[in-house]
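An overview of the molecular structure
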Amino acid sequence: MAPASAATKCSSSCSASGLALLLLLVLMAAGTSSAQLSTSFYSSSCPGVYDSVKSAIQSAIATEQRMGASIVRLFFHDCFVQGCDASLLLDDTASFQGEKMATPNNGSVRGFEVIDAVKSAVEKVCPGVVSCADILAIAARDSVVILGGPSWDVKVGRRDSTTAVGEKLHPSPCFSGANNNIPPPTSGLANLTSLFAAQGLSQKDMVALSGAHTIGQARCTNFRAHVYNDTNIDGTFARTRQSGCPRTSGSGDNNLAPLDLQTPTVFENNYYKNLVCKKGLLHSDQELFNGGATDAQVQSYISSQSTFFSDFVTGMIKMGDITPLTGSNGQIRKNCRMIN
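Residues numbered from 1 in each chain as written. Predicted model: local features only at pLDDT ≥ 70, side-chain atom pairs only at ≥ 80, totals over all residues. Heavy atoms only, no water.

For the chain, the name recorded in an unreviewed UniProt entry is Peroxidase, with Sorghum bicolor as its organism. Annotation of the chain in UniProt includes, under Catalytic activity (unreviewed entry), the sentence "2 a phenolic donor + H2O2 = 2 a phenolic radical donor + 2 H2O". (UniProt positions renumbered as here; feature names shortened; annotations may be inferred.)

**Some details on the state of the cysteines**
This model, assessed by the stated rule, comprises four disulfides. The side chain of C46 participates in a disulfide bridge whose partner is C126; the two sulfur atoms lie 1.7 Å from each other. Of this pair, C46 sits in the loop between α2 (16–34) and α3 (49–63) while C126 sits in the loop between α5 (112–125) and α6 (132–146); the two residues are 80 residues apart in sequence, bridging distant segments of the chain. When its relative accessible area of 1% is taken as the criterion, C46 is described as buried. Across the disulfide, C79 is cross-linked to C84 (sulfur-sulfur distance 2.0 Å). Between C79 and C84 the disulfide shows an S-S torsion of about 120°. By sign, it is right-handed. When its relative accessible area of 0% is taken as the criterion, C79 is described as buried. Ordinal numbering of bonded cysteines along the chain defines a disulfide pattern of 1-4, 2-3, 5-8, 6-7. (Disulfide = S-S within 2.5 Å. Helix = DSSP H or I, 4+ residues; strand = E, 2+ residues; numbered from the N terminus. Buried < 20%, exposed > 50% of the residue type's maximum accessible area, 1.4 Å probe, protein only.)

**Looking at the packing of helix α10 (residues 220–229) against helix α11 (residues 235–242)**
Axis separation between α10 and α11 bottoms out at 9 Å; the angle between their running directions is 135°. When the interaxial angle is binned, α10 and α11 end up oblique. Here α10 and α11 pass one another in a crossing that is left-handed. Of the residues in α11, those touching α10 at F223, V227 and Y228 are A238, R241 and Q242. Residues of the contact of α10 with α11, tallied by class, amount to four nonpolar, one polar and one charged. (Axes fitted to C-alpha atoms, helices over the stretch in contact; angles between N-to-C directions. Parallel < 35°, antiparallel > 145°, perpendicular 65-115°, else oblique. Left-handed = near helix turned anticlockwise from the far one by under 90°. Contact = heavy atoms within 4.5 Å. Nonpolar A, V, L, I, M, F, W, Y, C, P; charged D, E, K, R; others polar.)

**Here's the deal with the packing of helix α4 (residues 67–79) against α5**
When two helices pack together, their arrangement is given by the angle between the helix axes and the distance between those axes. Between α4 and α5, whose axes approach to 10 Å, the crossing angle comes to 85°. Taken as axis vectors, α4 and α5 run roughly perpendicular relative to one another. Contact with α4, carried on its side by M67, I71 and L74, involves F112, E113, V114 and I115 of α5 and no other residues of that element. Residues of the contact of α4 with α5, tallied by class, amount to six nonpolar, no polar and one charged.

**Digging into helix α9 (residues 203–210)**
Residue pairs spaced three or four apart in an α-helix point in one direction, given the helix's 3.6 residues per turn. Counting buried residues in α9 gives six out of eight residues, a clear majority hidden from the surface. Looking at the buried side of α9, the elements it contacts are α8 (189–197), α12 (270–276), α14 (295–303) and α15 (305–320).

**Structural notes on the confidence of the model for the chain**
Summary statistics for the chain give a mean pLDDT of 88 and a share of 86% for residues scoring 70 or more. In this model residues 1–34 is a low-confidence stretch, pLDDT under 50, and it forms six contacts with partners more than four residues away in sequence or in other chains. Considering only residues more than four positions removed or in separate chains, one finds that residues 169–174, a stretch of pLDDT under 50, has five contacts. (pLDDT = per-residue confidence, 0-100.)

**Here we look at the UniProt feature "binding site: heme b" (unreviewed entry) in the chain**
UniProt records the feature "binding site: heme b" (unreviewed entry) at H213, using the numbering of this structure. By secondary structure assignment, the location of H213 is in the loop between α9 and β1 (217–219). What makes H213 partly exposed here is its relative accessible area of 26%. The contacts of H213, once residues within four sequence positions are left out, are L259, D260, Y271, L282 and D285.

See the structure below:
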């Protein structure tokens, strides 16, 4: 506050030091502005990045349609821990255990090899320019669009983290970030709302972003308790899911079932229609329509897919803004799996 106050008190006969101070303030303001994310960040340095990412993602989804959902999930899990900084993409080394080994990610998140392929394609166009964090953000958008969902202009300019949660020097407080920040499938509505709020996302954002479960699949270990123990579930639906998910823990844990019963490879609003029929696969899904504060929002998305799409886009943009590294912070990794 003091420098700004001093600047306003300068008269027309400002001293050289006063002018220098004013110049410094202007430069600082400009630096702050330039450090913000922008949809035009690569317009001069790498205009071909978008075509490169889209082509590689199209190829990956053509090979396996489920991959689109996996890429969106990668982006979500990355942003919820340390912000959108590509720290999730780092492999373990002798000096730290990365986010990949945290409970919500270990044996669950996938698509790392696809991001590797996208990074290689982008490096051929403009080496050393585009961060892995931005590649992941663009790839998530393209995955949604390719599967029939809405498009949006992705804000870019992120840089990559040089650290990952769970570093062996500080295992307890750091590693717990990945374990505690990402909502588990057993979450109730209050916990979901709280975990999203901790990232600056509203309950409305949470319900809209949960609509990403209109694509993809979940493992038996994540929905077993819901289909066997919960009462807020359609009986026939529960029995269908039980047939591929034995009650005993450890048996069939990795067996898959679609998150959206009807169209698991098409991005639309059937996910919410399932919730009203008590056919949400995860406990956390069904909590969005269970006689609570979010029931009306779910109903609104059933009535208007365009409303869902609009709110989803708003949520994705807000999520992409979670504490990015910009300016001189972080680095542009040459390989998304390791620090330069």
